[in-house]
Amino acid sequence: MFHKIKFPGCVNQLEKIVSFQRELLNFACSSSSSLPITESQLKTEFGDEIGEWLWDKLWTKRKSGKKAQSKLHKALEKLIRYIERHSTMSTKIMDAFDHDIQFHKHLNDPNFNFKYRGELSLTVQKVVKALLTAFYTDLLASGFPSVIHGQTQKFNRDKFISSFWSANSKLEVCPACDRPRSPKVDNKVYSDADHFLPKSIYPFLSVHYANLVPLCLDCNRSMKGDRDPIDEPSKEPLVNTFHPYTNSAISQVNVIVSRDQVGKRQVRIEDKAGMPSRRVASLNRVFKLEKQWLDHLDYVVKSTVEDVIEFRRRLTRRRLTLTLEDLKDDLEDKLTVNLTKLGEKHYYVMQCSYLRYTLTSNQELTELLMESIK
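Fair warning: this is a prediction, and the values are worked out from it, not measured in the lab. (Residues numbered from 1 in each chain as written. Predicted model: local features only at pLDDT ≥ 70, side-chain atom pairs only at ≥ 80, totals over all residues. Heavy atoms only, no water.)

### Some words on the overall build of the chain
Stage number 1. In terms of regular secondary structure, the chain is built from 15 helices and 8 strands.
Stage number 2. Seen through its C-alpha atoms, the chain measures out along the principal axes to roughly 90 × 45 × 35 Å.
Stage number 3. Relative to all contacts within the chain whose residues are 6 or more apart in sequence, the contacts with residues 24 or more apart total 68%.
Stage number 4. Entry remark: accessible area of the chain is about 18,600 Å², with carbon and sulfur atoms responsible for 47%.
Stage number 5. If you average the places of the 58 positive and of the 47 negative side-chain charges in the chain, the two averages end up 4 Å apart. (Helix = DSSP H or I, 4+ residues; strand = E, 2+ residues; numbered from the N terminus. Contact = heavy atoms within 4.5 Å. Areas by Shrake-Rupley, 256 points an atom, 1.4 Å probe, with all protein chains shown as cover. Lys, Arg positive; Asp, Glu negative; His and termini not counted. Charge placed at Lys NZ, Arg CZ, Asp CG, Glu CD.)

Printed below as a string of structure tokens:
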């Protein structure tokens, strides 16, 4: 992830929801669980209030008015059925879950590897993934009751997004791409809750607070999708990523504008720690930032030319002539101001990068001056 962000204020609620997720997974892996699932069975396991609520979530209503099993219901039964035939896998699944949800404590640990991918067979992964992804889509979307998360109001995906933006109120851009942040209408922010590590690949982290980040719709649906920021799961996976909350890219990379041999402008991201960089390559593979920002560079140049034209007009009214030195001084002032507004104004990452390049290139500076005369 590119911009520096703060954890939302709902971390405690999400931790309790992960605890409940573990209880549900443990229920499915328990030898005492039996089919068909009944409401009384759920009440015995989770208590009357949660059991009644969960029983309701295991069913959906058809247009005919009849009830049908929800995705969560089907996934829960499928895992119970699997454990009935392979009881020895129960401990292994729970051990992998307990291990993987601690990933946020090992972001700088080169030896950390996810057990879901490394130790569970593809068959086990499939049945576990169905349950935990349904936990996100069926339950977080509609909301968890206060008895689970400890707050007075229902907690759902929208509450998470609202909590995130409250904690990051000064951030006016998408944390990943620097586009404008998603719009807010009637106190609801219409952004997606992205899974930094995709829930389709890391389902144990489907509701983990350190794995959820609101992004603009373009980033989550068009650019990122299910792309995994981890390039090699068995080789220092976490240290070679820019984790959104604890290891953002903005202070660790240089975004460089330059021209190639034929004079065409180009954009590249360089890791301050040195190149080649797996984590920069991952950033480009997942979000295509160099391509996105190159597409936007023409607009940045045009906007800068318009600013120079206005600066020239102000000088002309005072009967002064714009020189290269005047232009350079003005651009330096503009860069200083713009750097303080990173994250507050969209595409200021590219704006600042282009100004830096112009200030170090007499050719670019001269062309900018000439463009303002046309």
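### Re a positive patch on the surface
Stage number 1. On the surface, a cluster of positive charge is contributed by R62, K66, K71 and K74.
Stage number 2. Within the element layout of this structure, K66 appears in the loop between strand 1 (59-61) and strand 2 (67-69).
Stage number 3. By relative accessible area, K66 is classed as exposed at 59%. (Patch = residues over 30% accessible without salt bridge, like charges linked within 9 Å, V, L, I, M, F, W, Y side chains within 5 Å. Salt bridge = Lys/Arg side-chain N within 4 Å of Asp/Glu carboxyl O. Buried < 20%, exposed > 50% of the residue type's maximum accessible area, 1.4 Å probe, protein only.)

### Quick look at the pairing of strand 8 (residues 265-271)
Regular strands place side chains that alternate from one sheet face to the opposite one.
Stage number 1. As judged from the 7 bridges shared by strand 7 (residues 253-259) and strand 8, these two strands associate in the antiparallel manner. In the sheet register, S258 faces strand 8, and the bridge partner there is Q266.
Stage number 2. Hairpin connection from strand 7 to strand 8: 5 residues lie between these consecutive antiparallel strands, with G263 at a positive phi of about 90°. (Pairing = 2+ DSSP bridges.)

### What about the nonpolar core?
Stage number 1. Of all hydrophobic cores here, the largest spans 115 residues; its most connected members are L79, L131 and W293.
Stage number 2. In contact with L131, not counting residues within four places along its chain, are L24, L25, A28, L72, A75, L76 and L79. (Core = buried A, V, L, I, M, F, W, Y, C linked by side-chain atoms within 4.5 Å.)

### Some thoughts on the packing of aromatic side chains
Stage number 1. According to the stated counting rule, one finds 18 aromatic pairs in the structure shown.
Stage number 2. Between F103 and F114 the ring centres are 6.2 Å apart and the planes differ by 40°, which places this aromatic pair in the tilted class. Of this pair, F103 sits in the loop between helix 5 (89-100) and helix 6 (115-119) while F114 sits in the loop between helix 5 and helix 6, placing them 11 residues apart in sequence.
Stage number 3. A relative accessible area of 0% places F103 in the buried class.
Stage number 4. Residue F114 is classed as buried on the basis of its relative accessible area, which comes to 7%.
Stage number 5. Among the aromatic residues, those joined into a cluster by ring pairs are F20, F27, F46, W53, F135 and F144. (Phe/Tyr/Trp six-rings, centres within 6.5 Å; stacked < 30°, edge-to-face > 60°.)

### Re the side chain of E77
Stage number 1. If you trace the backbone, E77 turns up in helix 4 (residues 71-85).
Stage number 2. The contacts of E77, once residues within four sequence positions are left out, are L35, P36, I37 and Q69.

### Thoughts on the pairing of strand 6 (residues 212-215)
Stage number 1. With burial as the criterion, each face of strand 6 is covered, one bearing L212 and P214 and the other bearing V213 and L215.
Stage number 2. Alignment of strand 5 (residues 192-195) against strand 6, held across 4 bridges, turns out to be antiparallel. Bridge pairing in strand 6 links D192 to L215.

### Observations concerning empty space enclosed by the protein
Stage number 1. Applying the stated rule across the entire model yields 1 cavity of 30 Å³ or more.
Stage number 2. What the largest cavity holds in volume is close to 70 Å³.
Stage number 3. Taken together, M1, F196, K224, P229, T241, F242, R279, S282, L283, V286 and F287 make up the full set of residues lining the largest cavity.
Stage number 4. For the lining of the largest cavity, the element with the most residues is helix 11 (residues 278-287), which contributes 5 residues.
Stage number 5. Residues belonging to the lining of the largest cavity are distributed by class as follows: 7 nonpolar, 2 polar and 2 charged. (1 Å grid on protein atoms, 1.4 Å probe; cavity = no way out; pocket = protein on both sides within 12 Å on 5 of 7 lines; lining within 4 Å. Points joined across faces, edges and corners; volume = space filled by probe spheres on them. Nonpolar A, V, L, I, M, F, W, Y, C, P; charged D, E, K, R; others polar.)

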